[in-house]
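What follows is each chain in one-letter form.
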Amino acid sequence: MTDMTLERAARPGWDRSRLIFWGVAILSTLLVVGPLAPILAQAFLDRPLYAEGATATLGNFQRLFGDPTILGIFGNTLMFAVLTMVVAQLFGSVMAVVVGRTNLPGRTWIGEILIWPLFVSNLVIAFGWLTMYGPSGYISLAMKSWFGVVPWNLYSIAGMGIVAGLSQAPLSYLMCLGAVTKADPQLEDAARSAGAGPFRALFSVTVPMMRPAMIYSSVLNFVIGIEMLAIPLLFGAPGGLNTVTTFLYNNGINAAVRPDYGIVGAAAVILLLIVAGLVWLQGALMKGSGRFVTVRGKASRPSTLDLGPWRWIAFAAVLAYVLLTIVAVFAGIVMRSGVSFLTPLIPFWKLVTTANFATVFASETYVRSIVNSVVIALVGGLIGTFFIAVIALVARRSEFRYARALEYIALFPRALPGIIAGLGFFYAVVWVPGLDMIRGTIGILMVAFILRYIPVGFGAIAPALAQIGEELDRGARSAGADWWTTVTRIVLPILKPALFSCFALLFIHFFKEYVTAVFLFQPGSEIIGTTMLQLAAQGDNGPVAALATIQIVITAAFVLLARPVFGAKIYG
């Protein structure tokens, strides 16, 4: 018998540690199953699951696939997701190589700007693109006045895919950046000694070693494209282009008479199966990534590739990309928030006004949405960090017999789209007796957000936990400390940097989240994202821009504070 087995055998009954193990396992399982069970039930019931006399049926799926528009909706979703993936991967990978491995001028500050879109929601990014590049956008109107034509159309699948892909390119950039900057320089040196030039060595040796990062980010961006709501809603709806998420949103919330819960449940199950299958595919494709490992104990940093006179041409191209796709989008939001209307025909400083911010701060609802967002991000982030830390400790640092199963449960929300999580929690609170008391509160939003981002927090804590030697645990246990005393007195203090990073990541994700909340919020529990959605639907672009600017400012302040003060690692 092992020492752990002898120790368990010497402890009869249920001690504190076992209660924690089982408590965390049960709570995690309930959180994951909670939104899934009612969706599955609703998909096979002939009426709302809370209604009496509901009977099992396959009619919802028959009606769903009998709808002549449904194939077009799934086709739109597929094309949109593919374009999102391709555009994100193309620009993200190129930026990673150019910024990470060449002597590009200003690559430090360019690298910082490239990740800006990750700190705000797709809703904010979409509104920024609409403000600058929409049919009445600032840059679109300038192009029309200068050249008589606007060479782009965001109200199309191609336009939507390009916007979504460019908004997700920073994710591909970060994942590929790690691969190109940590490659073993000896491999490139070997290619150079065989007669290959610097560019040939880079693209024939290092770039292929990016394959695991490219596979992972490609599948991830494809999944994000499938479950994205804001861009299809803002750009697709005016042109009559629906995706699965806008179909769920329109039929679950904006139905003319009453939501069709049956067909929404059936569509949600199909979407869930697609995303779960893609996440499984991602894991299967990554199983062979070990053969791409080149960083060993004595590996050194790869050398920087000298672009020679081409460095300034590369700088111009990268600068144009940064200015047109990132800076202009954020600038458009800020500019629109401070003017009565935005047009290139009149200098914007002649239209400056504080009316948009006055409208926001004069409305109790709008102010409450800001306060709720901050409270959810702060309190929910703290609760989520503690809960995820305990999950990681039980899954990776305990003798709990179901530790591995707990880790699978904790990571399952990767396959749970935000709109499905929100819909599932909505069904649960109207179906399960007693849960109606938390319906429409910020409490249910916190719970839903924590579930949604358990994998994000787990990914911040688990690698740091793996670096802590288990001999520390064994030493404390041999001195008579139980598991809880060991992890709280020894392991958690060492994990402080990872815990701060986990909290920072959760704060940012909670603060920008809106998709999970669209089915759950009610008057009194609004957040910035849901308020922006409602205002955008009404065409009140000024207050939308003001709220978006407030979200950007608060997020920027938090990021600037989190890095130096807490030492938090945010997106690499």
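Please read these numbers as outputs of a predicted model, since none were measured by experiment. (Residues numbered from 1 in each chain as written. Predicted model: local features only at pLDDT ≥ 70, side-chain atom pairs only at ≥ 80, totals over all residues. Heavy atoms only, no water.)

Brief notes about the overall build of the chain
Scanning the chain from N- to C-terminus turns up 26 helices and zero strands. Within the chain, contacts between residues at least 6 apart in sequence are counted, and of these 77% link residues at least 24 apart. Counting every atom, the chain has about 25200 Å² of accessible surface; 66% of that belongs to carbon and sulfur. (Helix = DSSP H or I, 4+ residues; strand = E, 2+ residues; numbered from the N terminus. Contact = heavy atoms within 4.5 Å. Areas by Shrake-Rupley, 256 points an atom, 1.4 Å probe, with all protein chains shown as cover.)

Points about the packing of aromatic side chains
Counted according to the given criterion, the structure contains 22 aromatic pairs. Relative to Tyr321, the ring of Phe91 has its centre 5.3 Å away and its plane inclined at 10 degrees; by these criteria the two rings are stacked. Of the two residues, Phe91 is situated in helix α4 (residues 70-101) and Tyr321 in helix α15 (residues 310-337); the sequence distance between them amounts to 230 residues. Using a relative accessible area of 10% as the deciding quantity, one classes Tyr321 as buried. A network of ring pairs unites the aromatic residues Phe21, Trp22, Phe400, Tyr402, Trp483 and Trp484 as a single cluster. Geometry around Tyr453 places Arg452 over its ring, the cationic atom sitting 5.4 Å from the centre. (Phe/Tyr/Trp six-rings, centres within 6.5 Å; stacked < 30°, edge-to-face > 60°. Buried < 20%, exposed > 50% of the residue type's maximum accessible area, 1.4 Å probe, protein only. Lys NZ or Arg CZ within 6 Å of the ring centre and 35° of its normal.)

Structural notes on the pattern of salt bridges
Going through the model one piece at a time under the given rule, you end up with five salt bridges. The partner of Glu227 in a salt bridge is Arg452, with the nearest N and O atoms 3.0 Å apart. Here the residue Glu227 occupies a position in helix α11 (residues 211-227), and Arg452 occupies one in helix α20 (residues 442-452), the gap between them amounting to 225 residues. Taken as a pair, Glu227 and Arg452 share a single burial class, namely buried. Salt-bridge contacts for Glu364 lead to Arg368; the nearest nitrogen and oxygen are separated by 3.4 Å. Here Glu364 and its partner Arg368 are both found in helix α17 (residues 364-396), four residues apart, which amounts to about one turn of the helix. Since its relative accessible area comes to 62%, Glu364 is described here as exposed. A relative accessible area of 23% means that Arg368 is categorised as partly exposed. (Salt bridge = Lys/Arg side-chain N within 4 Å of Asp/Glu carboxyl O.)

Digging into the packing of helix α2 (residues 16-43) against α17
The geometry of α2 relative to α17 is characterised by a closest axis approach of 10 Å and an angle of 120 degrees between their N-to-C directions. When you trace α2 past α17, the crossing you get is left-handed. On α17, the residues touching Ile20, Phe21, Val24, Leu27, Ser28 and Leu31 of α2 are Phe387, Val390, Ile391 and Val394. Among the residues forming the contact of α2 with α17, the class breakdown is nine nonpolar, one polar and no charged. (Axes fitted to C-alpha atoms, helices over the stretch in contact; angles between N-to-C directions. Left-handed = near helix turned anticlockwise from the far one by under 90°. Nonpolar A, V, L, I, M, F, W, Y, C, P; charged D, E, K, R; others polar.)

With respect to a nonpolar patch on the surface
A grouping of Val371, Val375, Leu378, Val379, Leu382 and Ile383 is seen on the molecular surface, where their side chains present a nonpolar patch of about 460 Å² in accessible area. Along the chain, the position of Val375 falls in helix α17. Accessibility expressed as a relative area gives 30% for Val375, which makes it partly exposed. (Patch = residues over 30% accessible without salt bridge, like charges linked within 9 Å, V, L, I, M, F, W, Y side chains within 5 Å.)

Here's the deal with the nonpolar core
Among the nonpolar cores identified, the biggest contains 182 residues, and Leu114, Trp129, Ile231, Phe235, Leu248 and Leu495 are the most heavily contacted of them. Two domains each provide a minimum of three residues to this core, namely domain 1 (75-243 + 316-352) and domain 2 (354-571). Not counting residues up to four positions away in its chain, the partners in contact with Phe235 are Ala126, Trp129, Leu130, Leu154, Tyr155, Met160 and Val163. (Core = buried A, V, L, I, M, F, W, Y, C linked by side-chain atoms within 4.5 Å. Domains from an automatic or database assignment.)

So, the environment of Phe348
Mapped onto the elements, Phe348 comes out in the loop between α15 and α16 (355-362). In this structure Phe348 comes out as partly exposed when scored by relative accessible area, which is 33%. For the pair Phe348 and Met335, spaced 13 residues apart in the sequence, the C-alpha separation amounts to 7.7 Å. Excluding its chain neighbours within four sequence positions, the residues that come into contact with Phe348 are Met335, Val339 and Leu342.

Quick notes on α17
Here α17 is 33 residues long and its end C-alpha atoms lie 46 Å apart, about the 48 Å a rise of 1.5 Å per residue gives. The largest bend along α17 measures about 25 degrees and falls at Gly381. (Expected span 1.5 Å × (residues − 1). Bend = angle between axes of the 7 residues up to and from the residue.)

Overview of α11
Over its 17 residues, α11 extends 24 Å from the first C-alpha to the last, a length consistent with the 24 Å expected when each residue adds 1.5 Å. Inspection of α11 places Pro212, Ala213, Ser217, Ser218, Val219, Asn221, Phe222, Val223, Ile224, Gly225, Ile226 and Glu227 among the buried residues, and these make up the whole buried set.

What about the environment of Leu40?
Relative to the assigned elements, Leu40 resides in helix α2. In this structure the C-alpha to C-alpha distance between Leu40 and Gly265, which are 225 residues apart in sequence, comes to 7.0 Å.

Describing the confidence of the model for the chain
Overall, the prediction assigns the chain a mean pLDDT of 83, with 86% of residues at 70 or greater. Across residues 1-13, confidence stays below pLDDT 50; counting only partners more than four residues off in sequence or on other chains, it has 11 contacts. Of the regions scoring below 50 in pLDDT, residues 289-299 engages in 13 contacts with residues more than four places distant in sequence or in other chains. (pLDDT = per-residue confidence, 0-100.)

A look at the side chain of Thr77
The topology assignment puts Thr77 in helix α4. Not counting chain neighbours up to four residues away, the residues in contact with Thr77 comprise Ile226, Thr243 and Val244.

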